[in-house]
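Next come the chains, spelled out residue by residue.
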Amino acid sequence: MLETETTKEAERLMTICNACRYCEGICAVFPAMEIRSNFATGDLSYLANLCHNCGACFHDCQYAPPHEFGVNVPKTFAKLRRESYEAYTWPAFLGPLFRSNGVAVCLLSGLGFVLILGITLLMNEPAALFQAHTDAGSFYAIMPHNVMATLFGSVFLFAIFAIIMGVRNFWRATGENETPLADPPSLTQALHDTFTLKYLDGGGGGCSTGTDQPSPWRKRFHHATFYGFLLCFAATTTGTIYHYVFDWVAPYGYFSLPNIFGTVGGIGLLVGPAGLWWIKRKMNEEMAELSNRGMDMGFLALLFLTSLTGLLLMILRETPAMGTLLIIHLGVVMGLFLAFPYGKFVHGIYRFAALIRYAMERRRDLKHAPAE
Amino acid sequence: MTAKKNGKVQQGHYDVVILGGGNAALCAAITAARLGSSVIILEAAPKDWRGGNSRHTRNLRLAHDESNEVLTAPYTVEEFYSDLMRVTDGETDEDLARFTLEQSSELWDWLLEQGVRFQPSLGGTLQLSHTNAFFLGGGKALMNAMYRTAEAMGVEVRYDTEVVDLGFDDGHFTQATVRLADGSQEIIAGQSLVAAAGGFEANIEWLREYWGDAADNFIVRGTPYNRGGVLRLMLDNGMMAVGDPKQCHAVALDARAPKFDGGIVTRLDCVSLGIVVNADGDRFYDEGEDFWPKRYAIWGRLIAHQPDQIAHVIIDEKAQGLFMPSVFKPVTSDTIAGIATQLDLDPAKLEDTVATYNAAVVPGTFDTQRLDDCRTEQLDPPKTHWARRIDTPPFYGYSLRPGITFTYLGVRVNRNAQVLMADGRPTSNVFAAGEIMAGNVLGKGYLAGIGMTIGAVFGRIAGREAARRARN
C-alpha cells in the first residue's frame, strides 16, 4: 500500500515502541515489531492486522496522550487496518466501499433484492406469498431451489474469490515470499491463535477498551459471534448435503442437524453481535477510531439481522408470515454475502493471514537465533 | 465533616494520610486499607500523570528461592546483598539493607494478589532475567492495577492535590495543608502519616544549590511533580536526613528528550560502540570501560561536568544494529566534518580527534558479549574495550545531555519505616516509603529495579505501621 498520513503516524509510533518495549508480553504485535528496525508500509499493515484492538497497550502506555509523544497504537492501527483492506481490495475500484458506507451499499443491495423478489412474486403468484405452508419444500414455493442455489452460490463463490485475491495482495505486500501451505506447523499455530482469540486478552486479563480495567466480555461476545457464525454456516452446509446427497427437502425438523446448528448458532449470532455493539459503544473515546464505526457497526447489524430473520423464519415457518420472512431473510443474507469482501468480515481473514505470517516468522527467528 | 479553620476548609479526618501516588504510596494505602483503616491518598499530579516515577519503571528486583514462570533462576538474599554492596561501596545501612532484601521475597505473591501481572524480561535485558520481575505493560500498568485495587477497597484518591504544609507537634503528625487545582487550600487531618512523595530531582532550583547553572541543562527523565516539597517540610521540621544531597542518579540521554517524563525511550545505548566528545571536540572518558548497563549511570555525571553539559557520540556504519533502537534519528553524513557541522562542532577539530583515536586503535577480536581486546594504545583517555576505527561511512552522531532519574537525599527511617528525628528519637506517627527514604538502603550507585523494591517493601511496612498507630 502507499504511504498515507496513517502509515506515517504508525511508523512514528513503532519507532517509539521499539525503543521502549514495555508491552512486549501483551500480544504478537510488539515481538513482531522488535525483529524489525525499519517499517515499510507493508510491515505496518501486517502489524496493524496483528493487532486485536484489546486496548491494553493504550492504557499501559506511559506515552499515551496527554504525553507529548501521544502514543495511541490501537486507534492508529484500527485506521490503518481499514486503509489496508481498502488498498488490497479486489477489484481495486471497490476499495472505497470500506470507507464506512460499504455495508450500507450491501444492505441496500439486499433490500433491492427483497423488493424485486417480492414484486415478482406478487405479480406472478401473490397467493403463494401469504399462505401458510406445512409441507416439505414450502420454501421453494416462494423461490425455486435451483434459482436460490444458483443465485446465492454464485454470489458466495464470488465473495470468496474476491477475498482470496485481496488477502493475496496483502500477503505479498508484507514481504512474505513463502506460501503458508508449505509450513503446516505455523498454520496450525495460527489456527489455534485464531480459534482461541489468544491475543484478544491484553496478555491475560482481557480487553480494556472502556477503562483500564480488563474485562473478558469482549472475547466472550466475539466467541459467540464467531462460533455462532460457524454453526450457521454448518447448518447451511448440512442442509445442502441433505438436499443433494439424501434428497431430503427443507424445511427440516426442529431436531434435525441443520436446525440444531442453525438454532444454537443463531442464538450466538444474536448475543455476540449485540454484546459487541454494546462494548463498541462504550469504548474509550480517545482510543476508538470513529471513522471505522460505519464498517464495524454495519457488519454487526448484518450478522444480527441474518440471525434474527433466520430464527423467526424457523419459528414462524408454518404461518402465513413465512413467505414475507423468507424473502427478507434471503435479502439480508444476500446483503451479508455481498458485504463479505467489502466490509468488516475481511478483518478475520486478514488477521488470520497476519497470524500465519507471525507464526512463520517466529519459527524462522527461533531457528536462526544464536544460542544464548 | 467540613468546617472552617484559619480561612482554610477543614476537609475530613482519616486514619492514614498518604502523601504521594506512586508504587510506595499505593503499597502503603492498600496495606492500611486491608487492616481496616480509612485511607486518603494525596497525589500532586493530575490523574493522567499519577504514579510519579513508578509509571516509567519496568521491573522490580526481588529475592526468590525458586525460579517461576517469569524469573529464570533463584536469586538468594545473599546474592542480592552482595550485588547491593558492590554498587553502593558500602554506603548503606547494612541492617536495613539486609532486612529490605529479606522482605523483598514476599513481593511476588503480594503484588500478584493486588492484580499486578508480570512478564519475562524484555528483549535486550537478558542480564536481568533471573533477578528482576518485569511488569506486564510496564510501570503504568502496575500503577493502574494498584489504583484499581485501592479504590475497590475504599481508599480515597485526590489528584491535583499538592501538600504545601504539614502540621507536626514535636514529630507528631496532626494535619496536612493541601493546595487544590483551583488554588484553594484545604486541611486534611489524620492519625498517622505516610510520606511517599519522592525526591526532588524535578526541582531545578534545588538542584542549582549543588550544581549551579549546570542544573538548567539537566533533563528530568521522570515526573515533573517530584519537587521535594514534602521532603523539605520534613527536614525543616527537624527530621533526620539521610543520603548525600549532592548525589543524584543521572544517565546520558538523547539531548532532544523532553524536559520531563521522557522515560525509557530517551536513553541511548551506543556510547561503548563509538567515541564521545564534548563541545570542544575532545574525548573525555573511556567509552569502553565496562558493559554499558554497568556504566550508563556514570555518564550523566560525566556530561554534567563538561562545558554546557553537552556531549556527542560518534559511531560509524559498523555499529548499526548493535544497540537498542533509539527514538530520535541521528545526524548522518559521509564525512566526519559533515557530522561536526550538524552537531555544531569545529570540523577540523573533530576530524583530528577521530584521526588520533583511529591511529591509536590496535587490532583485536570485536565481541560485544565480553570485555574484548579491542582497545587503544597511547591515547588519553584510552578506550579499553570495543575500540574499532571510526572509518566506515555513513557516520552517525547523537547529542547527549545528563538525564536525572532520582536524588539520594531523604529522611532516616528504622525497620518500622518510622521516620527518626534529628536527635535519633523515632517520631510517633510519621512513616516514610519509597524514594523519599531510599537513601537509607541505597546511599550511592544503582541496581536495576531496586528503587521499586525499596518502595514496595517499605510501602507495605509503612501502611501496616500507620494503620496500627491509627488504631491505638
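This text goes with the structure placed above it.
Notes on the structure follow. (Residues numbered from 1 in each chain as written. Chains lettered and ligands numbered in written order. Predicted model: local features only at pLDDT ≥ 70, side-chain atom pairs only at ≥ 80, totals over all residues. Heavy atoms only, no water.)

## Here we look at the interface of chain A and chain B
This is how it is decided: In this analysis, two residues are considered to be in contact whenever any of their non-hydrogen atoms come within 4.5 Å of each other. Simply put, the buried area is the total loss of 1.4 Å probe accessible area from both parts when two parts are fitted together. When a carboxyl oxygen of Asp or Glu is within 4 Å of a side-chain nitrogen of Lys or Arg, the pair counts as a salt bridge. Whenever a nitrogen or oxygen atom comes within 3.5 Å of another N or O atom, the pair is scored as a polar contact, on the condition that within protein one atom can donate a hydrogen and the other can accept it, and that pairs from neighbouring residues in sequence are kept only if both atoms are in side chains. Here a helix means four or more residues in a row that DSSP labels H or I, a strand means two or more in a row labelled E, and each is numbered from the N terminus. Residue type decides the class: Asp, Glu, Lys and Arg count as charged, Ala, Val, Leu, Ile, Met, Phe, Trp, Tyr, Cys and Pro as nonpolar, and the leftover types, Gly among them, as polar.
Between chain A and chain B, the contact holds 31 residues from the first and 34 residues from the second. When chain A packs against chain B, close to 2500 Å² is buried across both sides, 54% of that on carbon and sulfur atoms. Together, Ala-19, Tyr-22 and Gln-62 of chain A form the three largest contributors to the area buried by chain A at its contact with chain B, with a combined 27%. Across the chain A-chain B interface, the total number found is 2 salt bridges. For Arg-148 of chain B, the salt bridge is made with Asp-212 of chain A, and the minimal N-O distance between the two is 2.4 Å. Seen at the junction of chain A and chain B, the total is 15 residue pairs in polar contact (both at pLDDT 80 or more). Elements with a contribution of two residues or more to the side of chain A that touches chain B: α1 (5-20) and α4 (56-60) of chain A. For the side of chain A that touches chain B, the element with the most residues is α1 of chain A, which contributes 5 residues. A class-by-class count of the residues in the side of chain A that touches chain B yields 13 nonpolar, 11 polar and 7 charged.

## Description of the sheet that holds strand β4 (residues 59-61) of chain B
The strands making up a sheet are joined through hydrogen bonds of the backbone, oriented either antiparallel or parallel. The criterion, for reference: Criterion used throughout: strands pair if DSSP finds at least two bridges between them.
Pairing in this open sheet of 3 strands is antiparallel, and the strands run β4-β6-β5 (chain B) from one edge to the other. Edge strands, defined here as strands with exactly one partner in the open sheet, are β4 and β5 (118-119) of chain B.

## What to know about the packing of aromatic side chains
So the rule is basically this: Two rings from Phe, Tyr or Trp (for Trp, the six-membered ring) form a pair when their centres sit within 6.5 Å of each other. Planes less than 30 degrees apart are called stacked, planes more than 60 degrees apart edge-to-face, and all others tilted. Exposure is judged per residue with a 1.4 Å probe applied to protein chains only, and the accessible area is read against the type maximum: over 50% gives exposed, under 20% gives buried, and values in between give partly exposed. Only when the NZ of Lys or the CZ of Arg is both within 6 Å of the ring centre and within 35 degrees of the ring normal is a charge said to sit over the ring.
In this structure the tally under the stated criterion is 41 aromatic pairs over all chains. For the pair Phe-195 of chain A and Phe-226 of chain A, a centre-to-centre distance of 5.4 Å together with 65° between the ring planes defines the contact as edge-to-face. Of this pair, Phe-195 of chain A sits in helix α10 (residues 184-195) while Phe-226 of chain A sits in helix α11 (residues 217-244), and the two are 31 residues apart along the sequence. Exposure remark for Phe-226 of chain A: the relative accessible area of 23% places this residue in the partly exposed category. Pairing Tyr-242 of chain A with Phe-246 of chain A gives two aromatic rings, centres 6.2 Å apart and planes at 80°, and the pair type is edge-to-face. In this structure Tyr-242 of chain A comes out as buried when scored by relative accessible area, which is 13%. For Phe-246 of chain A, a relative accessible area of 44% corresponds to the partly exposed category. The rings of Phe-152, Phe-156, Phe-229, Phe-233, Phe-299, Phe-337, Phe-340 and Phe-345 of chain A are connected pair by pair, giving a single aromatic cluster. We note Arg-220 of chain A situated over the ring of Trp-217 of chain A; from NZ or CZ to the ring centre the distance is 4.7 Å. One residue, Arg-388 of chain B, lies across the ring of Phe-366 of chain B, its end atom 3.4 Å from the ring centre.

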